[in-house]
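# Analysis of the macromolecular model
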Amino acid sequence: MMRKSYYRAIALMVIVLTVLLAFEKYISREKESFPDVKFITASSVPVRISDFDPNTLDRQQWQKLGFSEKQISTIIKYKEIVGGHFISKEQLKKCYAISEEKFAELKPYILLPEIHEKTESPALKNFEKKSISIPGKFNPDLYSINDWVKMGFSERQAEAILKYKNYLGGSFISKEKFKECFIISPKNYTQLEPYLLLPVKSPENIKKKHTTATMTYHPFDPNILSTEEWQSLGFSEKQANSIINYRNRNLQGSFKKPEDLQKCFVISPEKFLELKPYIRISEKIKQEKTDFQKTDLNILSFKQLLEFGLDERSAGSIIGFRKKLGGFVTKQQILDTYNIDREMVQKLISTCPLDPSGVVKYTLADAPEDWLKNHPYFKYSADKIIYYRTSYPDDKKIWKLLKLKPEYEERMKLYIK
């Protein structure tokens, strides 16, 4: 028994000693170095770039240049915003999906100009796609709208070219002035220039000299000339309207003697001297004067309205509205006419009498359909009137069914029996 206990004690001591030796070895060993960790990244092999036009690249080709799907979508959207076509490196650089570093890398290979010269207006840019046909040497002063259209310009462009010519006084004067017409693009001017029968330069006084040398005058009566006829004498549209307004407002509708033209501020002394030999003022016109205090407003002519002092626009509006109404019933109707000089019209209705006895009137039940549909006061209710009177041929009942605003009903009743 004693021996058994002895062996157990020896075994326990061996175990304890072994554990102590192992622990000492563990705590006394040198710390081992931990191996370095390397992360796998995208290939660092540089992309091989060759010359390219960014306008022709598809998504796959942009991807090969190193852009992500999101960046490519942004670039394509930006291209659409700038008109569907990159026009310079400078413009491409502004795309925020392309960093400065990336742009610097790509720049040498981009097949675009550094910057883009100022472009023409859209109208001219579209026109560049069309070719013009030049028949030979020509004087553009003699060309009509049809002539310009045959050359390749649109009708609208041709009208603008003629308007510019009229603005210059009826002549392009020189190649220099012709070139300034905004419809003529630099490319077209280069094609046209060798064929233009015009002097190259235009000195400051060339306009007057040209007018004197080439303008052909014929005898004319300044009291009956229209805007277009004044323009044919070398005045612009604005100047022509000023002359007519001066005649109508300041001279009661007519020039009494040639010197009256000289007083109009848009007619220069030099121009008056050119025109004077051809001025013919009719004696009949000088003698005929309208007694406006005895002339009915419903029979005044366009010419008489001009004689009173109204401008062409006001006179035309009054005559046109009176015709549609079938005659004025009250003077207030004249004052309510659109596009008139209210001050002059107020003076007119204060001077002239109004006789509405000749104005045709109907009942709602028997008014002709055409009359109802064309009369300014009835046309918006014409269909209802025609419908209601088939069942109720009584004016009182029709008025009730129409349910009009009082002011509308009041003016319609001016023309009802």
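Everything numeric in this text was worked out from a predicted model, so none of it was measured. Numbering of residues starts from 1 in each chain and follows the order in which that chain's sequence is written. For this predicted model, a pLDDT threshold of at least 70 governs which residues receive local features, and a threshold of 80 or more governs which side-chain atom pairs are given and counted, while totals over whole chains, interfaces and linings are taken from all residues. Processing note: side-chain calculations cover all non-hydrogen atoms of the structure and skip hydrogens and water entirely.

## Looking at the overall build of the protein chain
Only runs of H or I of at least four residues qualify as helices and only runs of E of at least two qualify as strands under DSSP, and these elements are numbered from the N terminus. Looking only at helices and strands, the protein chain features 24 helices and 0 strands. Type-normalised accessible area, obtained with a 1.4 Å probe on protein chains alone, sets the label of each residue: buried when under 20%, exposed when over 50%, and partly exposed for intermediate values. Per-residue burial for the protein chain yields a buried fraction of 39% across its 417 residues. In the protein chain, the share of contacts with a sequence separation of at least 24, taken over all contacts with a separation of at least 6, comes to 55%. As presented, the protein chain carries roughly 28000 Å² of accessible surface, and 55% of it is formed by carbon and sulfur atoms. Should any heavy atoms of two residues lie within 4.5 Å, those residues are considered in contact. Only the protein chains shown count as cover for residues, and the accessible areas themselves come from Shrake-Rupley with a 1.4 Å probe.

## Looking at the nonpolar core
Here is a general trend for soluble globular proteins: nonpolar side chains tend to be buried in one another's company. We define the nonpolar core as a collection of buried residues of types Ala, Val, Leu, Ile, Met, Phe, Trp, Tyr and Cys that are connected through side-chain atoms lying within 4.5 Å of one another. Among the nonpolar cores identified, the biggest contains 39 residues, and Leu297, Ile318, Val345, Leu348, Leu372, Phe378 and Tyr415 are the most heavily contacted of them. Looking at this core, the elements that each hand over two or more residues are helix H17 (302-308), helix H18 (312-325), helix H19 (331-335), helix H20 (342-351), helix H21 (369-374), helix H22 (382-391) and helix H23 (395-402). In this structure, isoleucine 318 is in contact with Leu305, Leu310, Phe328, Ile334, Thr337, Ile340, Val345 and Leu348, ignoring residues within four places of it in sequence. In this structure, Tyr143, Trp148, Phe178 and Leu196 belong to the second largest nonpolar core, which totals 22 residues.

## Quick word on H20
Among all positions in H20, only Met344, Val345, Leu348 and Ile349 are buried. Seen from one end, H20 has its buried residues packed into an arc of 130°, which puts them on one side. In H20, the exposed residues that point more than 90 degrees away from the buried face are Glu343 and Ser350. Looking at the buried residues of H20, the elements they touch are H17, H18 and H19. What the arc measures is the spread of directions leading from the helix axis to the C-beta atoms.

## Description of the pattern of salt bridges
Should a side-chain nitrogen of Lys or Arg be within 4 Å of a carboxyl oxygen of Asp or Glu, the pair is scored as a salt bridge. Applying the stated rule across the entire model yields 12 salt bridges. Note that arginine 59 and glutamate 69 form a salt bridge whose closest N and O atoms lie 3.3 Å from each other. With arginine 59 in helix H2 (residues 59-64) and glutamate 69 in helix H3 (residues 69-81), this pair connects stretches of sequence that are 10 residues apart. By relative accessible area, which is 37% here, arginine 59 ends up partly exposed. Using a relative accessible area of 41% as the deciding quantity, one classes glutamate 69 as partly exposed.

## A few points about the packing of H22 against H23
Helix-helix packing is characterised by the crossing angle of the two axes and by the distance between the axes. Where H22 meets H23, the closest approach of the two axes is 10 Å, and the angle between their N-to-C directions is 130°. Judged on the interaxial angle alone, H23 and H22 are oblique. In the packing of H22 onto H23, the handedness of the crossing is right-handed. Residues Lys384, Ile385, Tyr388 and Arg389 of H22 form the contact with H23, whose participating residues are Ile398, Leu401 and Leu402. Only Asp, Glu, Lys and Arg are considered charged, only Ala, Val, Leu, Ile, Met, Phe, Trp, Tyr, Cys and Pro nonpolar, and every remaining residue, Gly among them, polar. Grouping the amino acids of the contact of H22 with H23 by side-chain chemistry returns 5 nonpolar, no polar and 2 charged. Angular values range over 0 to 180 degrees, each being the angle between N-to-C directions of two axes fitted as lines to C-alpha atoms, with helices fitted over their stretch in contact. Roughly parallel means an angle under 35 degrees; roughly antiparallel means over 145; roughly perpendicular covers 65 to 115; every other angle is labelled oblique. The crossing is said to be left-handed when, going from far helix to near helix, the turn is anticlockwise and less than a right angle, and right-handed when the turn is clockwise.

## Description of the packing of aromatic side chains
Centres within 6.5 Å make a pair out of two Phe, Tyr or Trp rings, where for Trp the six-membered ring is used; the pair is then stacked when the planes are under 30 degrees apart, edge-to-face when over 60, and tilted otherwise. Scanning the model with the defined rule gives 19 aromatic pairs in all. Look at phenylalanine 138 and tyrosine 143: their rings are 4.7 Å apart centre to centre, the planes differ by 35°, and that puts the pair in the tilted class. Consider the rings of tyrosine 246 and phenylalanine 255, whose centres lie 6.3 Å apart with planes at 35°: the pair is tilted. In this structure, tyrosine 246 and phenylalanine 255 share a single accessibility class: buried. Each member of the aromatic cluster is reached from another via a ring pair, and the members are Phe138, Tyr143, Trp148, Phe153, Phe172, Phe178 and Tyr189. Of note, lysine 397 hangs over the ring of tyrosine 392, and the distance from its end group to the ring centre comes to 5.3 Å. Geometry around tryptophan 399 places lysine 413 over its ring, the cationic atom sitting 5.1 Å from the centre. By definition here, charges over rings are those cases where NZ of Lys or CZ of Arg is within 6 Å of the ring centre and within 35 degrees of the ring normal.

## Looking at unusual backbone geometry
The residue isoleucine 173 is not glycine, and still its phi comes out positive at about 75°. Among the secondary structure elements, isoleucine 173 is positioned in the loop between helix H8 (155-167) and helix H9 (175-179). Looking at isoleucine 173, the relative accessible area reads 4%, which means it is buried.

## Quick word on the environment of threonine 330
Along the chain, the position of threonine 330 falls in the loop between H18 and H19. Taking the C-alpha atoms as reference points, threonine 330 and arginine 411, 81 residues apart in sequence, are found 9.9 Å from one another.

## Remarks on H23
Every α-helix winds through 3.6 residues per turn, so residues three or four apart in the chain are directed the same way. Of all the positions in H23, only Asp395, Ile398, Trp399 and Leu402 are classed as buried. The buried residues of H23 all sit within an arc of 100° when viewed along its axis, so they share a single face. The exposed residues of H23 that point more than 90 degrees off its buried face are Lys396 and Lys400. The elements touched by buried residues of H23 are H22 and helix H24 (406-412).

## Focus: the side chain of threonine 74
Tracing the backbone through its elements, the reader meets threonine 74 in helix H3. When near neighbours in sequence (up to four residues on either side) are disregarded, threonine 74 contacts Cys95, Tyr96 and Ala97.

## Overview of the confidence of the model for the protein chain
Values of pLDDT, which run from 0 to 100, indicate the predictor's confidence residue by residue. Chain-level pLDDT for the protein chain is 81 on average; 84% of the residues reach the 70-or-more range. Confidence drops under a pLDDT of 50 for residues 118-129, and excluding neighbours within four residues, the segment shows 14 contacts in the predicted structure. Below a pLDDT of 50 lies the segment residues 205-213, which in the model reaches 13 contacts outside its immediate sequence neighbourhood of four places, other chains included.

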